[in-house]
Amino acid sequence: MIDIKNIQEIKIIVGDEWVSAGQSVRELHSHDESFHTPVLPDVVVWPHSTEEVSNIVKWAYEKDIPITPWGVGTSLEGNPIPVRNGISIDFQEMNKVLAIRQEDFQVDVQAGVVYKELNKTLGHHGLLFPPDPGAAATIGGMIGNNASGIRTVKYGATKDYVMRLTVVLPGGDVIHAGNRARKSSSGYNLCALFTGSEGTLGIVTEATLRLVGLPVNFMAVRAVFPTVLNATNTVFQVMSSGLSPSAMELLDGKVMEVLNRDRGYSLHEQPTLLMEFNGYSETGLREEMACVEEICQENACSFLDKGIGASERSRLWDMRHLTFESIKRSHTNLLPLIMDVAVPLSRYSEIVTFAREEVKDLVAYVFGHAGDGNVHVVVMDNPEDKGRWARVEEANRKIVLKALELEGTCTGEHGVGIGKRQFLEIEHGESLALMQRIKALLDPKDLMNPGKFFV
Amino acid sequence: MDAKIIDEIVQIVGKENALTALEHRKCYSYDARTDGVAPDMVVFPSSAEEVSQILILANRHVFPVIPRGQGTGLTGGSVPVNGGVVLVFTRMNKILEIDTENLIAIVEPGAITFEIQEEVARYGLFYPPDPASYKYSSIGGNAAECAGGPNSLKYGVTRDYVLGLEVVQPTGEIINTGVKTMKGVVGYDLTRLFVGSEGTLGVITKIILKLIPLPEAKATILALFREVEEAAESVSAIIAARIVPSAIEFMDKASIKCSEQANPMGFPEGLGGLLLIEVDGDNESIQSQAKKVQKIILEKNAVQCTMTQDPKEADTLWKARRTLSQATYNLNPVKIAEDVVVPRSKIPTLIRALEEMEKRFGIPILSFGHAGDGNFHVSIMIKDTPEDREKAEEAVKEIFTETIKLGGTLSGEHGIGLSKAAYLGMELSPEVMNTMKKIKRLFDPNNILNPGKIFAV
């Protein structure tokens, strides 16, 4: 427990106004967007530099005080909940874009930069940081969870864009892992180890990110199918045809119903695929469109809308970005449990069909990044109602086990946090012990975001 | 090594799969560029279980185990330094599965990179990484060194195609890392920790590879420039124009001269830089991409620009680049080869610095390589004399200092191995080195796995 004297000591490190133990501030840092039980940190700090983070960590590590980094709390598995109290380090003040190197397609940022803001700035230079988890996540949080999103099918996940990291190690040492060269095989890939480690091995304070050129032309398709199987078959055929969609999303009929109700659309309330392609020339895109249409028709597509250009894309696509919000708004008295399993593409139909069957007695919505074999099932229910919530968790468990049986993974992009700890052993077997040894090696006192990853 | 232990190992793999005669052992004491010492024994395991049994023995009796594919490495990654057992994976060379639905191949580490590419191409699929030795190198070696190649500009390096691994730990434990899915974020990324770790953390016995659809067509463009800046500016301009070629290869003034003397292509005199550019994709977009590339090149004052879609003509255009590595030996008998990478915008600075060094040291320094990635193979060609060796060592230190100053790395794709271990501290801070060493000790407390590599003794 942190006392008044401790708070005085932290104030010396970061300055008086950047420390707070106020109730409302602590509550704000006690939960993310998941249903996981909130836990209050003892104190919240807002550092301005790597040096300050290092000094906080050094101080806390000596005093055996747990440290949990905080971006904006948009995560979905309880990842930044300070389950053993202690210090919550909020990166809101470390939100600067430090350098844009246009010719090298690189940017240096502080961990608190929100990726959507970053992309607005980069857009002026014709550049893009592709991973797009949807929520207003920070780069630090995205690196912590190795976030991905709609564009991952073409561009990959956050880990594919991390070149160099400044990391504050447990104990306060600062290291720079990786470099600014486009490729490197010198020594162990520490960047890869820290990316996706959810702050359990150290705290990322700065990063050099790889960027891509902003795409020139867009083509978008919305295709409606009588059955989920028709839709998933289409996904599979498009992906193996040599076409390279920049997004490939599946929304089930119930999602379309919610969107119609909440946003006043008049969409077909049937399984729907949203696809986006980007490319160099409009001619090339027209050819791809013809090919996509043909595949859709072969799979009994009942309605197809399409268009070329940024405004068409926006017309056909905006609904996707509104989905989670619309679901939440339609059930304000309930909380979401979001499943995030991924399977090899050929098993996608199986997992989607299984999941729909499993949740048919619940308020549930099925959608996901179909091109990646990633499916999200959002179940809305009341965690206070123990009996009902047990049923929700049972469905979650069954769907995860099914995904593992299909040689998949229990989380495609949301991370382990608190929610997925129970599945690590089933998925990893012996290599889980190795992960635990790495954790014990770098964080022997178990103070860095404790209570995550390992049960 | 104790004769009794050698006997035990023979029991594990069978007599026909173990070599103990000196003349045989000698053959496994070097790679494509580095000499080491003969191991005590060479074995050819046939399964992860056999590897596991050997590692258990090694951990108990503390002798080195050195995994080896085809020995095509350039930094001594597979070279023994202190005896022990070389594990050669030529028998574990099978392509176990090609999953055309999920675009995945499962292979044993001894499988030849080129054979994997040929085999998956029959299904219209593509495994892109193409190190210069891809026709002979093994996929296990590629993964251990995180090999790249010309294609990595568009398609990335080996790391980007390894989805999962089966790895034997020094305890004999056989672990599986990674996923068969396109994404996954469960736990630490052990797969990427093992890739590029040069056999120092575990022995890879199986690899799950990601495949992509094979591009339909390809066009090759050869461009010649008077000034190196014009070549470098062309590279930046091509990429700024939203074209991502599958390769942009560069040769500097000294490399062009050397190659012309060995295999005359009839190039004009006084060239300062050469670019070989390949674009791939569907038939339609190839034309427009190639035309745009040509336009950019000519705007940057290229003295000559040739384009072809014919594979035979393309081979001719590639000739100068492909034969260069061999031709360098016409200059001097000993090559000190580096593999540095700098951010793309720093290419002209690096090349000018190298030209200046060549003059100052009075020894041939050639640079060529993967310009799109900023990756240069710098060849310092010397006579086998103490004076030349000393000069070369000075030059290498200067090259590394310049590279680090420009924000680069000492090794883009060859690894650190033995030959760069002494210099790693120039790139990595003591804290980073310390973290890596702690990881090494955690995985391999008795230091039996490929000792002497990455970290200087």
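What counts and how
- Residues numbered from 1 in each chain as written.
- Chains lettered and ligands numbered in written order.
- Predicted model: local features only at pLDDT ≥ 70, side-chain atom pairs only at ≥ 80, totals over all residues.
- Heavy atoms only, no water.
- Helix = DSSP H or I, 4+ residues; strand = E, 2+ residues; numbered from the N terminus.
- Rg over C-alpha atoms; globule rule 2.2 N^0.38 Å.
- Contact = heavy atoms within 4.5 Å.
- Areas by Shrake-Rupley, 256 points an atom, 1.4 Å probe, with all protein chains shown as cover.
- Lys, Arg positive; Asp, Glu negative; His and termini not counted.
- Charge placed at Lys NZ, Arg CZ, Asp CG, Glu CD.
- Buried < 20%, exposed > 50% of the residue type's maximum accessible area, 1.4 Å probe, protein only.
- pLDDT = per-residue confidence, 0-100.
- Salt bridge = Lys/Arg side-chain N within 4 Å of Asp/Glu carboxyl O.
- Pairing = 2+ DSSP bridges.
- Axes fitted to C-alpha atoms, helices over the stretch in contact; angles between N-to-C directions.
- Buried area = accessible area lost by both parts, 1.4 Å probe.
- Polar contact = N/O pair within 3.5 Å; in protein donor to acceptor, adjacent residues only side chain to side chain.
- Nonpolar A, V, L, I, M, F, W, Y, C, P; charged D, E, K, R; others polar.
- Core = buried A, V, L, I, M, F, W, Y, C linked by side-chain atoms within 4.5 Å.
- Expected span 1.5 Å × (residues − 1).
- Domains from an automatic or database assignment.

## Some thoughts on the overall build of chain A
Reasoning step 1: The helix and strand tally for chain A stands at 15 helices and 18 strands.
Reasoning step 2: Relative to the compact-globule value of 23 Å for 455 residues, chain A shows a C-alpha radius of gyration of 22 Å, a close match.
Reasoning step 3: For chain A, restricting intrachain contacts to residue pairs at least 6 apart in sequence, the fraction spanning at least 24 positions comes to 72%.
Reasoning step 4: As displayed, chain A has an accessible area near 16,100 Å², and 50% of this comes from carbon and sulfur atoms.
Reasoning step 5: Counting 44 positive and 59 negative side-chain charges, chain A places the averaged centre of each group 1 Å from the other.

## A look at the overall build of chain B
Reasoning step 1: A count of helical and extended segments in chain B gives 15 helices and 18 strands.
Reasoning step 2: By the compact-globule yardstick of 23 Å for 457 residues, chain B fits well, its C-alpha radius of gyration being 23 Å.
Reasoning step 3: When its C-alpha atoms are laid out on the principal axes, chain B stretches across 70 × 60 × 40 Å.
Reasoning step 4: Expressed as a percentage of its 457 residues, the buried residues of chain B come to 62%.
Reasoning step 5: Counted over contacts in chain B with a minimum sequence separation of 6, partners at least 24 positions apart contribute 73%.

## As for the confidence of the model for chain B
Reasoning step 1: Considering every residue of chain B, the mean pLDDT works out to 94; 100% of them sit at 70 or more.
Reasoning step 2: We note a pTM of 0.93 for the whole complex and an ipTM of 0.90 for its interfaces.

## Some remarks on the pattern of salt bridges
Reasoning step 1: Evaluation of the coordinates by the stated rule reveals 54 salt bridges over all chains.
Reasoning step 2: Note that A:K159 is salt-bridged to B:D189, the shortest N-O span being 3.7 Å. You can see A:K159 sitting in the loop between α6 (152-155) and β8 (162-168) and its partner B:D189 sitting in the loop between β9 (174-178) and α7 (190-194), one on each of two chains.
Reasoning step 3: We note a salt bridge from B:D280 to B:K154, for which the minimum N-O separation is 2.6 Å. With B:D280 in strand β14 (residues 273-281) and B:K154 in helix α6 (residues 152-155), this pair connects stretches of sequence that are 126 residues apart.
Reasoning step 4: On the accessibility criterion, B:K154 (32% relative accessible area) is partly exposed.
Reasoning step 5: Connected through salt bridges with shared partners, the residues A:E358, A:D361, A:R391, A:E394 and A:K398 form a single ionic network.

## Some remarks on the sheet that holds strand β16 (residues 335-342) of chain A
Residue and element names in this part refer to chain A.
Reasoning step 1: Spatially, β15-β12-β14-β13-β17-β18-β16 is the arrangement adopted by the seven strands of the open sheet, whose pairing is antiparallel. In this open sheet, the two edge strands, each paired with only one partner strand, are β15 (303-308) and β16. In this sheet, adjacent strand axes meet at a mean angle of 15 degrees when their direction is disregarded.
Reasoning step 2: Helix-sheet contacts for helix α10 (residues 282-298) involve β12 (217-224), β14 (272-279) and β15, and the interaxial angle to β15 is about 175 degrees.
Reasoning step 3: Strands in contact with helix α13 (residues 386-405) are β16 and β18 (374-381); relative to β16, the strand with the most contacts, it is inclined by about 10 degrees.

## Some remarks on the pairing of strand β17 (residues 365-370) of chain B
Residue and element names in this part refer to chain B.
Reasoning step 1: Burial within β17 is extensive, with six of its six residues counted as buried.
Reasoning step 2: Taken together, the three bridges between strand β13 (residues 247-252) and β17 define a ladder with antiparallel strand orientation. Along β17, the bridge assignment pairs M251 with F368.
Reasoning step 3: In this structure, β17 lies alongside strand β18 (residues 375-382), joined through six bridges in antiparallel fashion. If you follow I365 over to β18, its bridge partner there is I380.
Reasoning step 4: Where β17 hands over to β18, the hairpin turn is made up of four residues, of which G374 adopts a positive phi near 75 degrees.

## A short note on the interface of chain B and chain A
Reasoning step 1: In this complex, chain B contributes 76 residues to the contact, which on the side of chain A involves 74 residues.
Reasoning step 2: Between chain B and chain A, roughly 6,200 Å² of surface is buried when both sides are summed, and carbon and sulfur atoms account for 59% of that area.
Reasoning step 3: Linking chain B with chain A are five salt bridges.
Reasoning step 4: Of the charged contacts, one joins B:R192 and A:D160 as a salt bridge, the two residues approaching to 3.0 Å between their closest N and O atoms.
Reasoning step 5: Viewed at the interface, chain A and chain B are joined by 30 residue pairs in polar contact (both at pLDDT 80 or more).
Reasoning step 6: Elements that contribute at least two residues to the side of chain B that touches chain A include exactly α6, β9, α7, α8 (228-240), α10 (283-299), α14 (424-427) and α15 (430-443) of chain B.
Reasoning step 7: Considering every element that reaches the side of chain B that touches chain A, the biggest residue donor is α15(B), with nine residues.
Reasoning step 8: Considered class by class, the residues forming the side of chain B that touches chain A number 30 nonpolar, 26 polar and 20 charged.

## Focus on the nonpolar core
Reasoning step 1: One finds A:F129, A:I139, A:L209, A:I351 and A:I438 to be the most contacted residues of the largest nonpolar core, which totals 186 residues.
Reasoning step 2: At seven residues, α13(A) tops the list of elements feeding residues into this core.
Reasoning step 3: Beyond its immediate stretch of four places on either side in the chain, A:I139 contacts A:V109, A:A111, A:V113, A:Y115, A:L118, A:F129 and A:L209.
Reasoning step 4: B:V51, B:V65, B:V85 and B:M92 belong to the second-largest nonpolar core, a separate cluster that totals 25 residues.

## Quick look at the pairing of strand β16 (residues 334-341) of chain B
All names here are of chain B.
Reasoning step 1: For β16, a buried count of seven out of eight residues is recorded, marking the element as mostly surrounded by other parts of the structure.
Reasoning step 2: Relative to β18, β16 is paired through eight bridges, and the arrangement is antiparallel. By the bridge assignment, D339 is partnered in β18 with H377.

## Describing α13(A)
Because an α-helix packs 3.6 residues into every turn, residues spaced three or four apart end up facing the same way.
All names here are of chain A.
Reasoning step 1: If you check α13, its first and last C-alpha atoms are 28 Å apart, about what 20 residues at 1.5 Å a residue would give, namely 28 Å.
Reasoning step 2: Every buried residue of α13 is accounted for by W389, V392, A395, N396, I399, V400, K402, A403 and L404.
Reasoning step 3: Packed against the buried residues of α13 are β16, α12 (348-358), β18 and α14 (424-428).
Reasoning step 4: One or two residues past the end of α13 sits E407, with phi positive at roughly 65 degrees.

## Things to note about the domain arrangement of chain A
All names here are of chain A.
Reasoning step 1: On domain assignment, one finds that chain A holds domain 1 (4-90), domain 2 (97-213), domain 3 (217-324) and domain 4 (333-420).
Reasoning step 2: Taken together, the contacts link five residues of domain 2 with eleven residues of domain 3.
Reasoning step 3: Across the interface of domain 2 and domain 3, roughly 650 Å² is buried in total on both sides, 59% from carbon and sulfur atoms.
Reasoning step 4: For domain 2, the biggest contributors to the area lost against domain 3 are I150, V153 and K154; these three give 81% of the whole.
Reasoning step 5: Viewed at the interface, domain 3 and domain 2 are joined by zero salt bridges.
Reasoning step 6: Here domain 2 is connected to domain 3 by two residue pairs in polar contact (both at pLDDT 80 or more).
Reasoning step 7: Counted by class, the side of domain 2 that touches domain 3 contains three nonpolar, no polar and two charged residues.

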